[in-house]
Amino acid sequence: DAKTTQPNSMESNEEEPVHLPCNHSTISGTDYIHWYRQLPSQGPEYVIHGLTSNVNNRMASLAIAEDRKSSTLILHRATLRDAAVYYCSPSSGGGADGLTFGKGTHLIIQP
Amino acid sequence: NAGVTQTPKFRVLKTGQSMTLLCAQDMNHEYMYWYRQDPGMGLRLIHYSVGEGTTAKGEVPDGYNVSRLKKQNFLLGLESAAPSQTSVYFCASSYTRSGLQPQHFGDGTRLSIL
């Protein structure tokens, strides 16, 4: 199984961009890279996923390194509602593409 | 939209008791998953199902059983609860394999075993 490494916590100011890194150096060639976030007392929420190319959606952008051993989740203008724990997960972490989250990055947004 | 609904939300059990956690989804998803989340351990897959009538073991299946008699429901059973099973349990569903589609999670069941 591919393992991931993320910083324990990051801090940013409101309305500034945030770049959340993830290392997944043992990822296989067919694994998608998923990002989820989790607010206190809630279930994880899907943010974005990708395979090789950079991806954009209404919530965020995902930049994937050319060798796919790392990726960066980009929140273009952080708001207080973006304060959460962010997890990256290669898609083959478990059976039938079950997810495997590590400890994630606790994102703190300062007003 | 209800999405994924888990019941109960909280439960306290004594060691050796049994119980069933219910997960219901209204999105007509084929794939369903049960995870547990522990402090410092992240999210780990217990069992999963790729369709009605099917189940399979995940990363940490010991001490749990599951059933998927109806497409919309996925049940997680603890036959003889142990303190090591104190955790937050999450159910998730997806339309296809999650490599292609995102998983939708419920809000969890917080289970304490005394």
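Since the structure is predicted, the reported quantities are computational estimates derived from the model, not experimental observations.

Caption draft 1: Geometry of the overall build of chain A. Within chain A, the regular secondary structure consists of zero helices and nine strands. The order of α-helices and β-strands along chain A, N terminus first, is β-β-β-β-β-β-β-β-β. Over its C-alpha trace chain A gives a radius of gyration of 13 Å, about what one expects of a compact globule, namely 13 Å for 111 residues. Overall, the C-alpha framework of chain A stretches about 40 × 30 × 25 Å when taken along its three principal axes.

Caption draft 2: Examining the packing of aromatic side chains more closely. Applying the stated rule across the entire model yields seven aromatic pairs over all chains. With 5.7 Å between their ring centres and 45 degrees between their planes, A:Tyr36 and A:Phe101 make a pair best called tilted. Here A:Tyr36 is found in strand β3 (residues 33-38), whereas its partner A:Phe101 is found in the loop between β8 (84-90) and β9 (105-110), with 65 residues between them in sequence. Given a relative accessible area of 2%, A:Phe101 falls into the buried group. An angle of 65 degrees between the planes, with centres 5.8 Å apart, marks the rings of B:Tyr64 and B:Tyr89 as edge-to-face. Of the two residues, B:Tyr64 sits in the loop between β6 (56-57) and β7 (65-67) while B:Tyr89 sits in strand β9 (residues 87-94), which places them 25 residues apart along the sequence.

Caption draft 3: The sheet that holds β9(A), seen in detail. All names here are of chain A. A sheet is described by the order of its strands in space; here five strands give the open sequence β1-β9-β8-β3-β4, paired in mixed fashion. This sheet does not close on itself; its edge strands, each paired only once, are β1 (9-13) and β4 (45-50). Strand after strand, the sheet turns through a mean of 25 degrees between neighbouring axes, direction not considered. In terms of strand pairing, β1 meets β9 through five bridges, oriented parallel. By the bridge assignment for β9, Ser9 is matched with His106.

Caption draft 4: Fine view of unusual backbone geometry. The linkage connecting B:Thr7 with the following residue, B:Pro8, adopts the cis geometry, with an omega of -5 degrees. Positionally, B:Pro8 belongs in the loop between β1 (4-7) and β2 (10-13). At A:Arg68, a position not held by glycine, the phi torsion is positive, near 60 degrees. Mapped onto the elements, A:Arg68 comes out in the loop between β6 (61-64) and β7 (70-75).

Parameters and conventions
- Residues numbered from 1 in each chain as written.
- Chains lettered and ligands numbered in written order.
- Predicted model: local features only at pLDDT ≥ 70, side-chain atom pairs only at ≥ 80, totals over all residues.
- Heavy atoms only, no water.
- Helix = DSSP H or I, 4+ residues; strand = E, 2+ residues; numbered from the N terminus.
- Rg over C-alpha atoms; globule rule 2.2 N^0.38 Å.
- Phe/Tyr/Trp six-rings, centres within 6.5 Å; stacked < 30°, edge-to-face > 60°.
- Buried < 20%, exposed > 50% of the residue type's maximum accessible area, 1.4 Å probe, protein only.
- Pairing = 2+ DSSP bridges.
- Axes fitted to C-alpha atoms, helices over the stretch in contact; angles between N-to-C directions.

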